[in-house]
Amino acid sequence: MLKTLATISTSSPLISTTTSATTTKLSLSKFRPKPTSPFPQTRRPISLHRPTMNILNRLGFGPKTPDPNSESAAIAQGPDDDVPAPGQQFAQFGAGCFWGVELAFQRVPGVTKTEVGYSQGLLHNPSYEDVCTGTTSHSEVVRVQYDLKDCSFETLLDLFWSRHDPTTLNRQGGDVGTQYRSGIYFYTPEQEQAAKESLEKHQKVVNRPIVTEILPAKKFYRAEEYHQQYLAKGGRFGFGQSTEKGCNDPIRCYG
């Protein structure tokens, strides 16, 4: 690694040269890694599940944007009609790629279930490939079910802000697209109010405008099974990451 090398002598046959009196040295300080972002970096691997670049779509010959007045859009824009377990509540969050976000919420005491999926779009029953075209308006979201006795919505909001950069529009790290937008999707008036107050509070500690959208939760489409608990199951390398409540282990995105 570069950080283990302080200098390289020019007396090396690989980078020769020496002077008559002294041997010059080449500093590697300028090649040292730059400080990384405090937010989790997103690097999805190339996989059989990742759709290839749709060149035709980028040239205007690919899938068309769904008609917002269609029956399909009306269904997709409807409310989430799933019902949480007795004494529990749903919350939905969009904070970039849903893999790492889901694992973070899995570790929260009082969270009893998490699912990743697609919401806020215009297409009924979208697939991952549909969402990745960028034409369906869906967001990658995590739907969290939490026990009201053991977990507050404010606790979930605190985690939400800490897990991503809410000042980047339609982007988190290397993931770019409207599906990676920042969003809080509420189920109750109380959640809406808490979300707005939390945003105002967080805006005071960041130096750029927050672009997080706060909207009513809409129909939730559960993502394909291979996306569910992806990092807990081991990701692409098969090394499962802990879902233990209260665990503070760093989350290795896509590990």
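Reading the values: rules and limits
- Sequence order as written defines residue numbering, which begins from 1 separately in each chain.
- Where local features are concerned, this predicted model is filtered to residues with pLDDT of at least 70; where side-chain atom pairs are given and counted, the filter is 80 or more; whole-chain, interface and lining totals use all residues.
- With hydrogens and water excluded, all non-hydrogen atoms of the structure serve as input to the side-chain values.
- At least two DSSP bridges between two strands are needed for those strands to be called paired.
- Helix and strand labels come from DSSP, where a helix needs a run of H or I of at least four residues and a strand needs a run of E of at least two; each type is numbered from the N terminus.
- The contact rule is simple, with two residues in contact once any of their heavy atoms fall within 4.5 Å.
- Every axis corresponds to a line fitted to the C-alpha atoms, with the helix fit spanning only the stretch in contact, and the corresponding angles, defined between N-to-C directions, vary from 0 to 180 degrees.
- Values of pLDDT, the confidence the predictor places in each residue, fall between 0 and 100.
- Angles are sorted into four bins: roughly parallel if under 35 degrees, roughly antiparallel if over 145, roughly perpendicular if 65 to 115, and oblique for all others.
- Left-handed is the label given to a crossing in which the near helix is rotated counterclockwise from the far helix by less than a right angle, and right-handed is the label when the rotation is clockwise.
- We call Asp, Glu, Lys and Arg charged. Ala, Val, Leu, Ile, Met, Phe, Trp, Tyr, Cys and Pro are nonpolar, and the rest, Gly among them, are polar.
- Only protein chains enter the accessibility calculation, which uses a 1.4 Å probe; a residue whose area is less than 20% of its type maximum is buried, one above 50% is exposed, and one in between is partly exposed.
- In this scheme Phe, Tyr and Trp rings, the latter by its six-membered ring, pair at centre separations within 6.5 Å, and the angle between planes marks the pair as stacked below 30 degrees, edge-to-face above 60, and tilted otherwise.
- With strands facing away from the observer, any crossover in which the path from the first strand over the helix to the second runs clockwise is taken as right-handed.
- Any pair of N or O atoms that falls within 3.5 Å is considered a polar contact. Within protein, one atom must be able to donate a hydrogen and the other to accept it, and sequence-neighbouring residues count only if both atoms are side-chain atoms.
- What makes a salt bridge here is a side-chain nitrogen of Lys or Arg within 4 Å of a carboxyl oxygen of Asp or Glu, nothing more.

Draft legend 1. Looking closely at the sheet that holds strand β10 (residues 221-222). Here we have 6 strands laid out as an open sheet, ordered β9-β8-β3-β5-β4-β10, and mixed in their pairing. What marks the edges here is a single partner per strand, and that holds for β9 (213-216) and β10. Lying on the sheet, helix α3 (residues 98-106) is in contact with β3 (88-95), β4 (111-119) and β5 (139-147); it crosses β4 at an angle near 160°. Packed on one face of the sheet, helix α5 (residues 153-162) meets β3, β4, β5 and β8 (182-186) and runs near 15° to β3.

Draft legend 2. A look at the confidence of the model for the protein chain. A residue-level look at the protein chain finds 74% of positions with pLDDT of 70 or above and a mean pLDDT of 83. Predicted confidence is poor over residues 1-36, with pLDDT under 50, and the contacts of this stretch with residues over four places away or in other chains come to 23 contacts. Low pLDDT, under 50, characterises residues 45-53; the predicted model gives this stretch 14 contacts beyond four residues in sequence or across chains.

Draft legend 3. The arrangement of the packing of α5 against helix α6 (residues 189-203) in detail. Two numbers describe how α5 lies on α6: the axes approach to 10 Å, and their chain directions differ by 40°. Considered as vectors, α5 and α6 are oriented oblique to each other. Handedness of the crossing formed by α5 with α6: right-handed. Across from Phe153, Glu154, Leu157 and Trp161 in α5, the residues of α6 making contact are Gln191, Ala194, Ala195, Ser198, Leu199 and His202. Tallied by class, the residues present in the contact of α5 with α6 amount to 6 nonpolar, 3 polar and 1 charged.

Draft legend 4. Molecular detail of α3. Counted residue by residue, α3 has 9 buried out of 9 residues, so it is predominantly covered. Every buried residue of α3 is accounted for by Phe98, Trp99, Gly100, Val101, Glu102, Leu103, Ala104, Phe105 and Gln106. Among the structural elements, β3, β4, β5 and α5 are those in contact with the buried residues of α3.

Draft legend 5. Broad picture of the packing of aromatic side chains. Within the structure shown, the criterion is met by 7 aromatic pairs. Where Phe93 meets Phe105, the ring centres are 5.0 Å apart and the plane angle is 15°; that geometry is what we call stacked. Pair noted here: Phe93 is in strand β3 and Phe105 is in helix α3, with a separation of 12 residues, a long-range link. Phe105 carries the same exposure label as Phe93, and that label is buried. With 6.1 Å between their ring centres and 20° between their planes, Phe93 and Phe153 make a pair best called stacked. Of this pair, Phe93 sits in strand β3 while Phe153 is found in helix α5, placing the two residues 60 residues apart along the sequence. Take Phe93 and Phe153: they sit in the same class, and that class is buried. A network of ring pairs unites the aromatic residues Phe93, Phe105, Phe153, Phe160 and Trp161 as a single cluster.

Draft legend 6. Molecular detail of the pairing of β8. By the criterion of burial, β8 is predominantly enclosed, with 5 of the 5 residues buried. Of the strand pairs in this sheet, β3 and β8 are connected by 4 bridges, and their pairing is antiparallel. Looking across to β8, one finds that Ala95 is bridged to Ser182. Examined bridge by bridge, β8 and β9 share 4 bridges and lie parallel to one another. Looking at β9, one finds that Ile184 is bridged to Ile214. With respect to chirality, the unit in which β8 leads through α6 into the neighbouring parallel β9 is right-handed.

Draft legend 7. The side chain of Asp165, seen in detail. Counting through the fold element by element, Asp165 comes out in the loop between α5 and β6 (171-172). Of note is the side chain of Asp165, whose polar atom sits 3.1 Å from the side chain of Arg208.

Draft legend 8. Geometry of the pattern of salt bridges. Enumeration according to the criterion identifies 10 salt bridges in this entry. As a salt-bridge pair, Asp165 and Arg208 come within 3.1 Å of each other at their nearest N and O atoms. Residue Asp165 is located in the loop between α5 and β6, and its partner Arg208 is located in the loop between α6 and β9; the two are separated by 43 residues in the primary sequence. Salt-bridge contacts for Glu192 lead to Lys196; the nearest nitrogen and oxygen are separated by 3.1 Å. Of the two residues, Glu192 and Lys196 are both situated in helix α6; the distance of 4 residues between them amounts to about one turn of the helix. On the basis of relative accessible area, Glu192 is assigned to the partly exposed category, the value being 24%. Looking at Lys196, the relative accessible area reads 40%, which means it is partly exposed.

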